[in-house]
Amino acid sequence: MVAGKLLTKAAAPVVEEVVSPFVKRLFKGVKVPTKTQKIVGELNKIDQKTILSSIKQEPEAAQGWQNMFMNAGSDDVEVKLAAFEELNQSLTRFRGEAKLQQKENRIDDMFYKDAKNTEPPNLGQMGQDIQSGKTAPPEQLFDFSNEINDLVKEGKLPRGPQNRFEAIALGTNKFDDEQGINRMIRRFRSEKLPLGRTEQTILRPQQRGMTKRLQRESNLTLGKDEGFYVGTPTGSHAHHWNPLALMDKVVDGLSPKQSKSFIRYVEKELGIFSGNHMGNLRQLPENVHRMLHRRLEDLGYDPRTLKSFLGASLKERKAFMKKLKVDFDKLEEDIFREMMVNKGNQAGPQLK
C-alpha cells in the first residue's frame, strides 16, 4: 500500500481548472492546486501507467498518491522534499513489481498455458509469425538469457533464439545468433523501428573482432586503451561522452596525422576527450543513458543524421566542437542531477 499521508503544510488550495486527462483520472474531479497539476502533468506515460496499475491492484493506494502529489506541490521545502522522496520510493516499488509480473506472465503465456501440451514450441515458426505480423510482439523486452538457458536444459525449448524475431517471440532482448555471436535488440517499439534493430553485444576487448566500432575506438584514442570497459557496474553502460560515431564524422577526410593533431587540440583547448580515453568515460545507469541519447538527438548531435565534415575546413570543425563544448557542459549538469536522483541523494521522480 502507498503510505502517503497529507501533511498540514501542504500547498494552499489556490486552484485552476484541471486540464490534464491523467490529473482528472487520478483526482476524480477534486480541485487541485496549480503546482500539483504541473508536477502530475509532467509525469511520463510509464509512471502514469504504474500509478494507475497500482490503484487497480490496491484501490486504497489512490488516496496515498493524491496526498503525495499535493505535498510535492507545497511551498514548504521540507514537505516538498519528503514528498518527492516518498514518490520516488513508491514509483520504484510498483515499477519493480510490474516488471516482475510482466516477466512471469510472459513465461507463463509461452510455456504453461496448456499443461497437457508437452511438445516444445516451434521457435522458427514463432519468429516467422512475429516477422509477418501474424503474432503481436510483447509490450516490452527483458533479458531472459538465464531463463531461456534453463528452459533449453529442461527440454522445454529445443534451442535458444537465433535471430531478432525469435528473440522477440520469447520476449528477450538478447540472443546468440547462428554464429554464436551475442546480440542485443535496441530501439524496440520505437516509431521508426517497431521491431527494433540488433547489434553485437559489447564483449571483452580480447573477445571482439575488428568491427567498425573497434576501428573508431582505435582511430580516436590517443595512446593506449587503459580499460575503458573494465569495471562498469552491472546495469550500467560504459558511455562515450564524446560519441565515437559523432567524432568519427568530425574528423572525416583528415589524414591520420591531422586527425590525431585535431583530437589533441580538442582535448587541450576544450577539455573534450575522444575514443576510449578514460576522460571520455561516463558509467551511466540504463535509464539515465536512454535519457542522454534522447537529449543528444534533440540537440542535433545524433550521429545518424549529422552530416559528415568531409571537405570542411579546420575552422569549421573547431567551431562545431566549441558549440558542442557549450552544449555538453550544460548537458553534464543535467546528467549529474539525474544521477543524484537515481542514487537517492536528491529528491525527484526517477527516469524511465
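Look above for the structure.
### Looking at the overall build of the protein chain
Per the secondary structure count, the protein chain includes 13 helices and 5 strands. The 352 residues of the protein chain split such that 39% are buried. Taking all contacts inside the protein chain whose residues are at least 6 apart in sequence as the whole, residues at least 24 apart take part in 66%. Working note: accessible area of the protein chain is about 20,600 Å², and carbon and sulfur atoms make up 52% of it.

### Quick word on the nonpolar core
Counting 28 residues, the largest nonpolar core has Met247, Val250, Phe262, Phe320, Met321, Leu324 and Ile335 as its most contacted members. Counting residues per element, the ones that place at least two in this core are helix 10 (244-250), helix 11 (256-270), helix 12 (286-298) and helix 13 (314-342). It is helix 13 that contributes the most residues to this core, 7 residues altogether. Ignoring sequence-local partners within four residues, the contact set of Met321 consists of Asn242, Met247, Val250, Phe262, Val266, Leu270 and Ile272.

### Quick look at helix 9 (residues 212-220)
Burial in helix 9 covers these residues: Leu214, Arg216, Glu217 and Leu220. Taken end-on, helix 9 shows its buried residues confined to a sector of 160 degrees, consistent with a single buried face. As for helix 9, its buried residues are in contact with strand 4 (236-240), helix 10 and helix 11.

### As for the sheet that holds strand 3 (residues 195-200)
Strand order in the open sheet formed by 3 strands is 1-2-3, and the pairing between neighbours is antiparallel. With one partner strand each, in any of the chains shown, strand 1 (174-176) and strand 3 form the two edges of the open sheet. For this sheet, the mean inter-axis angle between neighbouring strands, taken without regard to orientation, is 35 degrees.

### Here we look at the packing of aromatic side chains
Summed over the entire model, instances satisfying the criterion amount to 7 aromatic pairs. Centre to centre, the rings of Trp65 and Phe69 are 6.5 Å apart; their planes meet at 25 degrees, and the pair counts as stacked. You can see Trp65 and its partner Phe69 sitting in helix 4 (residues 61-72), 4 residues apart, about one turn around the helix. Among the residues examined, Trp65 registers a relative accessible area of 0% and is labelled buried. Measuring from ring centre to ring centre gives 5.8 Å for Tyr301 and Phe320, while their planes differ by 70 degrees; the resulting arrangement is edge-to-face.

### Focus: the environment of Lys323
Residue placement: Lys323 occurs in helix 13. Overall, Lys323 belongs to the partly exposed group, its relative accessible area being 47%. Side chain to side chain, Lys323 and Asp327 meet in a polar contact 2.8 Å long.

Thresholds, definitions, all that
- Residues numbered from 1 in each chain as written.
- Predicted model: local features only at pLDDT ≥ 70, side-chain atom pairs only at ≥ 80, totals over all residues.
- Heavy atoms only, no water.
- Helix = DSSP H or I, 4+ residues; strand = E, 2+ residues; numbered from the N terminus.
- Buried < 20%, exposed > 50% of the residue type's maximum accessible area, 1.4 Å probe, protein only.
- Contact = heavy atoms within 4.5 Å.
- Areas by Shrake-Rupley, 256 points an atom, 1.4 Å probe, with all protein chains shown as cover.
- Core = buried A, V, L, I, M, F, W, Y, C linked by side-chain atoms within 4.5 Å.
- Arc of directions from axis to C-beta.
- Pairing = 2+ DSSP bridges.
- Axes fitted to C-alpha atoms, helices over the stretch in contact; angles between N-to-C directions.
- Phe/Tyr/Trp six-rings, centres within 6.5 Å; stacked < 30°, edge-to-face > 60°.
- Polar contact = N/O pair within 3.5 Å; in protein donor to acceptor, adjacent residues only side chain to side chain.

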